[in-house]
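# Understanding the architecture of this molecule
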Amino acid sequence: MHSNNIKLLILIFGLMLFQLLINNLTVLYLDSLSVILVILLFRKNSYLKLIIFIAFFTDLMGHWYLGSHLFAAILLSFLSQRLVITYSLGGSLQKVVMISVFYAMLSGIMMLIGLLTHNSFINWVDLSIEVLVLCPIILWLFSFTNIRDIKSNLIF
């Protein structure tokens with residue numbers, strides 16, 4: 001269990017560095033940590049503390065309003081909880097499509113929050129790069145590092 005946590009932390013740290021480099025050195029604005037947040041919504045057993053931590057950390061990294069990623073993740077969790085079994089039984093193409101669709105919905109909620117607060121605009125190039133390129137790569141990295149489901153200590 002400790003090796004899974006270390007692998008996940010290394011993956012999050014690597015994606016954080018990637019996001020910082022891309023966002024500061026290019027005209028693109030990519031949100032790679034949100035893809036991890038969406039992937040964790042489709043896991044069978046995930047710690048709520050981990051999802052909250054990643055959501056707040058993503059808000060701090062992207063200069064969003066604190067809690068906006070968590071709000072979007074909570075809204076998406078109502079839809080994703082019914083698709084967890086379908087996700088675990090699906091092939092790699094089905095997983096990529098599900099993660100990409102839910103990431104697009106998360107980005108849509110985030111853009112709606114930005115538009116309501118007069119703080120953001122929709123950049124279709126960034127969104128298409130995130131959905132078509134970044135989501136499959138991060139999902140492949142997540143499965144390549146073989147991060148298994150985190151078992152809960154609760155008895156159901």
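Below is a short write-up of the structure. (Residues numbered from 1 in each chain as written. Predicted model: local features only at pLDDT ≥ 70, side-chain atom pairs only at ≥ 80, totals over all residues. Heavy atoms only, no water.)

## A closer look at a nonpolar patch on the surface
Spelled out, the test is: Patch definition: residues above 30% relative accessible area lacking any salt bridge, with like charges linked at up to 9 Å and the nonpolar side chains Val, Leu, Ile, Met, Phe, Trp and Tyr linked at up to 5 Å. Per-residue and other accessible areas were derived by the Shrake-Rupley procedure at a 1.4 Å probe size, with only the shown protein chains allowed to occlude residues. The salt bridge criterion pairs a side-chain nitrogen of Lys or Arg with a carboxyl oxygen of Asp or Glu, the two atoms within 4 Å. Numbering goes from the N terminus for both helices and strands, where a helix is a DSSP run of H or I of at least four residues and a strand is a run of E of at least two.
Taken together, Leu79, Leu93, Val97, Val101 and Met105 make up a surface patch of nonpolar side chains, about 440 Å² in accessible area. It is helix H6 (residues 92-116) that provides the largest number of residues to the nonpolar patch, a total of 4 residues.

## Topic: the packing of aromatic side chains
Convention followed: Only rings of Phe, Tyr and Trp enter the pairing, Trp through its six-membered ring, and a pair is recorded when the two centres are within 6.5 Å. The plane angle decides the type: under 30 degrees is stacked, over 60 is edge-to-face, the rest tilted. When a residue's accessible area, from a 1.4 Å probe over protein chains only, is under 20% of the maximum for its type it is buried; when over 50% it is exposed; and in between it is partly exposed. Distance and angle both matter: a charge sits over a ring if NZ of Lys or CZ of Arg is within 6 Å of the ring centre and within 35 degrees of the ring normal.
Applying the stated rule across the entire model yields 4 aromatic pairs. Ring centres of Phe42 and Phe102 lie 4.9 Å apart, and the angle between their planes is 85 degrees; on these two criteria the pair is classed as edge-to-face. One end of the pair, Phe42, is in the loop between helix H2 (32-41) and helix H3 (48-62); the other, Phe102, is in helix H6, and 60 residues separate them in sequence. As far as burial versus exposure is concerned, Phe42 and Phe102 are alike and both buried. Seen in terms of ring centroids, Phe53 and Phe57 are 5.9 Å apart; in terms of plane orientation they differ by 15 degrees. Their pairing is stacked. Placement of the pair is Phe53 and Phe57 together in helix H3, with a separation of 4 residues, close to one helical turn. The class for Phe53 is partly exposed, based on a relative accessible area of 46%. Put simply, the rings of Phe42, Tyr87 and Phe102 touch in pairs and so form one group of aromatic residues. Positioned above the aromatic ring of Tyr87, the side-chain terminus of Lys95 is 5.3 Å from the ring centre.

## A short note on the side chain of Glu130
Operational definition: Only four residue types enter the charge count, namely Lys and Arg as positive and Asp and Glu as negative; His and the chain termini do not. Whether two residues touch is decided by their heavy atoms; if any such pair falls within 4.5 Å, the residues are in contact.
With respect to the secondary-structure elements, Glu130 resides in helix H7 (residues 124-144). Although Glu130 is buried, it forms no salt bridge, and the closest oppositely charged side chain is Arg43 at an N-O distance of 21 Å. Aside from chain neighbours lying at most four places away, what touches Glu130 is Tyr29, Leu30, Asp31, Tyr103, Ser107 and Cys135.

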